[in-house]
There are 2 protein chains.
Amino acid sequence: MSKEKQFVTEITPQGEDFSRWYIDVIKKAELMDYSPVRGCIVFRPEGFEIWENIQREMDRRFKETGHRNAYFPLFIPESFFQKEKEHVEGFNPELPWVTEAGGEPLEEKLAIRPTSETMIGHMYSKWIQSYRDLPVLINQWANVVRWEKRTLPFLRTSEFLWQEGHTAHENEAEAREETMRMLEVYRDFVEDFLAIPVITGQKTPSEKFAGAVDTYSIEAMMKDGRAVQAGTSHYLGTNFAVAFDIKYLDRENTQQFVHTTSWGTSTRLIGSLIMVHGDDRGLALPPKVAPTQVIMIPIGPPKTREAVIGRVDELYKELKTAGVRVRVDDRSDISPGWKFNEYEMRGVPIRLELGPRDMENGQAVLVSRASGEKRIIKQSELEAEVEKMLEEIHRDMFEKAKQFRADNFHAVDTLDEMKGLLEQKRGFVLAGWCGSAACEKQVKEETGATSRNIPFEPAEHKHSCLVCGEKAEHTVVFARAY
Amino acid sequence: MSKEKQFVTEITPQGEDFSRWYIDVIKKAELMDYSPVRGCIVFRPEGFEIWENIQREMDRRFKETGHRNAYFPLFIPESFFQKEKEHVEGFNPELPWVTEAGGEPLEEKLAIRPTSETMIGHMYSKWIQSYRDLPVLINQWANVVRWEKRTLPFLRTSEFLWQEGHTAHENEAEAREETMRMLEVYRDFVEDFLAIPVITGQKTPSEKFAGAVDTYSIEAMMKDGRAVQAGTSHYLGTNFAVAFDIKYLDRENTQQFVHTTSWGTSTRLIGSLIMVHGDDRGLALPPKVAPTQVIMIPIGPPKTREAVIGRVDELYKELKTAGVRVRVDDRSDISPGWKFNEYEMRGVPIRLELGPRDMENGQAVLVSRASGEKRIIKQSELEAEVEKMLEEIHRDMFEKAKQFRADNFHAVDTLDEMKGLLEQKRGFVLAGWCGSAACEKQVKEETGATSRNIPFEPAEHKHSCLVCGEKAEHTVVFARAY
């Protein structure tokens, strides 16, 4: 078996076993490794750099919308969880507890934060006195822990990295406006930066955040048809304000509770972009988030090697100066064919090949990882051609993901129809829903699919509940989800 | 009492009580707040942004020297600590333990990481097989926890933020080279970016990192004469490689243990820069790390207000475009004098005043926070003048701190001389040391001062031990330390 062939066959094809494909790819591309702690992974440099790129761009967008970062303690006293009833019920089963420290048992045990509404609520009650202190617009980048029974690297791990925004406002209108603003920041980021199309909408009451009045989400479709909730934004009303006594003196000199929001995205985004864009050859990273955007590979016989590498280095510097994330692989003991496969597997958006013939003609070859398209370009136009191609790759990847979603999105009228459909096909289902938790539960029990959200812009409106046949209050997206 | 007067008097003078001054300043400038968890603080946006600026610049320097970031689990299994004897003895008393999670007791309890040599050693043993895999150059930005008995915001907190570099090399020479390279990265960063002069040197055996062969540090002098260890770099030899079985096949096809290093700096740096540069008026932030470098304050009577603010906005945009971190305070219900005091207290390096007279003359007033110097400049030369002044402020702050250190650095010959000195004066003491742990211990017991390091370039060489009078093996810096 040739090396090249062997290389590819180490990845299980998606059609054979999607879960194995996923694990094969993230291990082989060195994005992560399992750790000796149950459900916790190690983010290796290739994987962590994806997160760094996500962080940098998202942080920029948070700051542009007026937010500042802060950092709150990892530990949350047990009593804090008792203050908001729904919240404690939602998170209690997943908490790890510190019970001893410094060689002694603790008087009050401390949870490792699963999210920070309670701690931040406590602090806000100290900081907020008057309407002049509002709004408070704070974000935190942090690790959080939820002791999960079933884990999957990036998508569901016991410890994960995330950001959590927490804001406080004078009234409901402003808090709701913030909730929707951040949902839109998420939608735009995920579509524009990760090339993942998402469905924005509202969670049903049974799927909302523990302690929220309303939860909104963006939902993405993976290549196996399952959903990933890629980000959520919550209007918390005065629930946490009442629980933590966050009051302010309003413009009429009256004490009022603030209205709060919270919103979060996490390292799940890494898992999502792998499952949306990857294929049987491995990762395919959207250009804006890819740690390496262009990999340069010198080719040709040993006698021209030195000259070719010299020119490659010049072109490297040119691209680097232009702000392109570029690398050269000039290892001499590895064949170009092997390298081609390696960087396809690692999902580098553009491969640049340069050989002696290209040198003579003042040209270079650009190959797109996503489409396989090959372009012969003039070296003198390298920077413009690379930037154009990166843009096109982003657009094509986004459109392809959108088309895939359209192809795997089906409207149904009845639960039987939905069951029949999901037996044959993967994907999302659009259906009418009367609004009762019982009907929603029945869908879940009989199909394994949960309500993802009530989309703001459904493809069509359904008028009767798929379960009971009564008048539909909402048109809902259902899917099996990660 | 005028508002201005009242403002300043809320800060305890340094000469009266340095510790109270410190707490007054960091609370009043809203850098931090106490949290409900013992020894853990909240980094408020004004404080956290200092850390973000430190992170961004240090991260750039790590990447320039070939390092990449990764992320390892927060939890460390109990058995891992047993593998390196000195390490477990050093850290065991400070560990918090998770003993239950997900509603059940854990089979093996998990420590919250105090540092990650053990976890990373375990992973490196999986990743490193051959000399081709070396060197491994990884850094991690993370939260760590050490359950401290006595805490002080930023300088010693139970949970703190830091970076920890962990590298593995083929041999001792390369690992030692890396150890010194990173010490120099720290020295240059702290002096060049934070304007804090430091003493580089080697820790004595009793003060080195638990598990290291050699520890090197940079030591800074606070304004009360105490030392802060601002960064450490460790050559770990094969200690962790043996403990975690990190072996590689060398160029001669023989199994060898790798040689590892680790190096760290933390949010202590925030505390240090406050204690080095602050004064009775509050914070004084060095320009490169200051969240706001220029605060613009419009002045003059109400009737010219609109015109002045219009011009301030134009100048604001100009500075912003030039990359200066600038803000405008155009609140109309607060007097300019009050604002002057506020931003002096907050340590903003330059105040720009603009009034109707300045408008007429096409000029503006720049005032340095550190020196109080006032400059009238042409608006047409604003950008260049601001950049020049920021550079000068940095240089002056650094020189001033150096002078302070020189003024409070005394060489002694005997322990009695040292005791007499420290009764009258604050500061660092330079003395000869025979190399015995007993003499070092006696210094600590009788003076409260610990050996800070054996400086690479001592101001002078001492030839007899300050305690026993025997031949001095080293000239050592002693000081009381945070």
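Residues numbered from 1 in each chain as written. Chains lettered and ligands numbered in written order. Predicted model: local features only at pLDDT ≥ 70, side-chain atom pairs only at ≥ 80, totals over all residues. Heavy atoms only, no water.

Participant: Mind showing me how you'd approach the domain arrangement of chain A here?
Facilitator: How big an interface is tends to be stated in terms of the accessible area lost upon association of its parts. Residue and element names in this part refer to chain A. Its domain assignment divides chain A into domain 1 (12–277), domain 2 (294–389) and domain 3 (409–479). Taken over C-alpha atoms, the centre of domain 1 sits 40 Å from the centre of domain 2. Counting the surface lost from both domain 1 and domain 2, the interface buries some 420 Å², and carbon and sulfur atoms represent 45% of this. Here domain 1 is connected to domain 2 by one salt bridge. One salt bridge in this structure joins E30 and R346, with 3.3 Å as the shortest N-O distance. (Domains from an automatic or database assignment. Buried area = accessible area lost by both parts, 1.4 Å probe. Salt bridge = Lys/Arg side-chain N within 4 Å of Asp/Glu carboxyl O.)

Participant: Would you explain the pattern of salt bridges in this entry?
Facilitator: Enumeration according to the criterion identifies 92 salt bridges over all chains in this entry. As a salt-bridge pair, B:K27 and B:D33 come within 3.1 Å of each other at their nearest N and O atoms. Classification of B:K27 as partly exposed rests on a relative accessible area of 36%. Each of A:E57, A:R60, A:R61, A:E64, A:E184, A:R187, A:D188, A:E191, A:D192 and A:K288 takes part in a single network of salt bridges with overlapping partners. (Buried < 20%, exposed > 50% of the residue type's maximum accessible area, 1.4 Å probe, protein only.)

Participant: It is not clear to me how the interface of chain A and chain B should be interpreted in this structure. Could you clarify?
Facilitator: In this assembly, 53 residues from chain A lie in contact with 53 residues from chain B. With both sides pooled, the region where chain A packs onto chain B buries about 4,500 Å², and carbon together with sulfur makes up 61% of that total. The tally of links between chain A and chain B comes to ten salt bridges. Between A:K109 and B:E100 there is a salt bridge, with the nearest N and O atoms lying 3.0 Å from each other. In this structure, the connection of chain A to chain B is made through 31 residue pairs in polar contact (both at pLDDT 80 or more). Take the side of chain A that touches chain B: its biggest share by element is seven residues, from helix α3 (residues 45–64) of chain A. Taken together, the residues of the side of chain A that touches chain B sort by class into 33 nonpolar, seven polar and 13 charged. (Contact = heavy atoms within 4.5 Å. Polar contact = N/O pair within 3.5 Å; in protein donor to acceptor, adjacent residues only side chain to side chain. Helix = DSSP H or I, 4+ residues; strand = E, 2+ residues; numbered from the N terminus. Nonpolar A, V, L, I, M, F, W, Y, C, P; charged D, E, K, R; others polar.)

Participant: Is there a simple way to think about the nonpolar core in this case?
Facilitator: The nonpolar side chains of soluble globular proteins are, as a tendency, buried together. In this structure, A:F75 and B:F75 are the most contacted members of the largest nonpolar core, which totals 84 residues. Aside from chain neighbours lying at most four places away, what touches A:F75 is A:V98, A:L110, A:A111, A:I112, A:M119, B:V37, B:C40, B:P96, B:I112, B:V145 and B:W147. (Core = buried A, V, L, I, M, F, W, Y, C linked by side-chain atoms within 4.5 Å.)

Participant: It is not clear to me how the sheet that holds strand β16 (residues 326–328) of chain A should be interpreted in this structure. Could you clarify?
Facilitator: Sheets are built from strands paired through backbone hydrogen bonds, the pairs being either parallel or antiparallel. Residue and element names in this part refer to chain A. With respect to topology, five strands assemble into an open sheet ordered β16-β15-β17-β18-β19, the strand pairing being mixed. What marks the edges here is a single partner per strand, and that holds for β16 and β19 (374–378). For this sheet, the mean angle separating the axes of adjacent strands, direction not counted, is 25°. For strand β15 (residues 294–298) and β16, the ladder comprises three bridges, and the chain directions are parallel. Its bridge partner being in β16, V294 is matched across the sheet by V326. (Pairing = 2+ DSSP bridges. Axes fitted to C-alpha atoms, helices over the stretch in contact; angles between N-to-C directions.)

Participant: Can you help me understand unusual backbone geometry in this one?
Facilitator: Comment: phi is negative for the bulk of residues other than glycine, and the bulk of peptide bonds are trans. With an omega of -5°, the peptide bond between A:L134 and A:P135 qualifies as cis. Positionally, A:P135 belongs in the loop between α6 (117–127) and β7 (136–145). We note that A:E30 has phi near 60°; this positive angle belongs to a residue other than glycine. In this structure, A:E30 sits in the loop between α2 (18–28) and β1 (32–34). Of note, B:N253 is a non-glycine position whose phi angle comes to about 65°, a positive value. Note that B:N253 resides in the loop between β12 (247–249) and β13 (255–257). Judged by its relative accessible area of 62%, B:N253 is exposed.

Participant: Would you take a moment to explain the relation of the copies chain A and chain B for this structure?
Facilitator: The two chain copies are related to each other by a rotation about an axis together with a translation along it. The transform that puts chain A on chain B rotates by 180° and translates by 0.0 Å along the axis, for an RMSD of 0.0 Å. On this basis, the relationship between the two copies can be described by a two-fold rotation axis. Minimal C-alpha distance to the rotation axis in chain A is attained by A:V98, lying at 2.1 Å. Here 100% of the interface residues in chain A have copies in chain B that are interface residues too; the copies meet face to matching face. (Least-squares fit on C-alpha atoms with pLDDT ≥ 70 in both.)

Participant: Would you take a moment to explain a negative patch on the surface for this structure?
Facilitator: All names here are of chain A. A surface patch of negative charge is lined by E318, E383, E387 and E391. Top contributing element to the negative patch by residue count: helix α13 (residues 382–407), with three residues. When you line up the elements, E387 lands in helix α13. (Patch = residues over 30% accessible without salt bridge, like charges linked within 9 Å, V, L, I, M, F, W, Y side chains within 5 Å. Areas by Shrake-Rupley, 256 points an atom, 1.4 Å probe, with all protein chains shown as cover. Lys, Arg positive; Asp, Glu negative; His and termini not counted. Charge placed at Lys NZ, Arg CZ, Asp CG, Glu CD.)

Participant: Teacher, can you tell me more about the pairing of strand β9 (residues 199–202) of chain B here?
Facilitator: A regular strand places its side chains so that they alternate between the two faces of the sheet. All names here are of chain B. Bridge analysis of β9 against strand β10 (residues 214–221) gives four bridges, and the strand direction is antiparallel. Pairing of T200 across the sheet is with I218, part of β10. Judged from the two bridges that link them, β9 and strand β22 (residues 450–455) form a sheet pairing that is antiparallel. Within the sheet, the bridge partner assigned to G201 lies in β22 and is P455.

Participant: Honestly, the sheet that holds strand β6 (residues 104–112) of chain A in this entry has me stumped. Any pointers?
Facilitator: Strand order in the open sheet formed by six strands is β4(A)-β6(A)-β5(A)-β5(B)-β6(B)-β4(B), and the pairing between neighbours is antiparallel. With one partner strand each, in any of the chains shown, β4 (75–77) of chain A together with β4 (75–77) of chain B form the two edges of the open sheet. The sheet shows a mean angle of 45° between the axes of neighbouring strands, direction not considered.

Participant: Even after reading the chapter, I still don't get the packing of helix α10 (residues 302–321) of chain A against α13(A), so can you show me in this structure?
Facilitator: The relative placement of two packed helices comes down to the angle between their axes together with the axis-to-axis distance. All names here are of chain A. Here α10 crosses α13 at 60°, and the two axes come no closer than 10 Å. For the element pair α10 / α13, the angle class is oblique. Here α10 runs over α13; the crossing is right-handed. Of the residues in α13, those in contact with L315, E318 and L319 of α10 are L382, E383 and V386. (Parallel < 35°, antiparallel > 145°, perpendicular 65-115°, else oblique. Left-handed = near helix turned anticlockwise from the far one by under 90°.)

Participant: It is not clear to me how the pairing of strand β15 (residues 294–298) of chain B should be interpreted in this structure. Could you clarify?
Facilitator: Residue and element names in this part refer to chain B. Buried residues dominate β15, accounting for five of its five residues. Burial along β15 is two-sided: V294, M296 and P298 and I295 and I297, pointing in opposite directions, are all buried. Since β15 and strand β16 (residues 326–328) lie parallel, the crossover through helix α10 (residues 302–321) that links them has a hand, and here it is right-handed. (Right-handed = clockwise from strand over helix to strand, strands pointing away.)

Participant: It is not clear to me how the UniProt feature "domain: Aminoacyl-transfer RNA synthetases class-II family profile" (unreviewed entry) in chain A should be interpreted in this structure. Could you clarify?
Facilitator: UniProt annotation of "domain: Aminoacyl-transfer RNA synthetases class-II family profile" (unreviewed entry) refers to residues 38–286 of chain A when read in the numbering used here. Taken as a whole, residues 38–286 of chain A contains 33% helix and 33% strand, while its terminal C-alpha atoms sit 31 Å from one another. (UniProt positions renumbered as here; feature names shortened; annotations may be inferred.)

Participant: It is not clear to me how the packing of helix α7 (residues 172–194) of chain A against helix α9 (residues 268–277) of chain A should be interpreted in this structure. Could you clarify?
Facilitator: Residues and elements named next belong to chain A. Two numbers describe how α7 lies on α9: the axes approach to 12 Å, and their chain directions differ by 50°. Considering the angle they form, α7 stands oblique to α9. Judged by the twist between their axes, the crossing of α7 over α9 is right-handed. Contact residues: α7 offers F189, V190 and L194, while α9 offers L269, L273 and H277. Taken together, the residues of the contact of α7 with α9 break down into five nonpolar, one polar and no charged.

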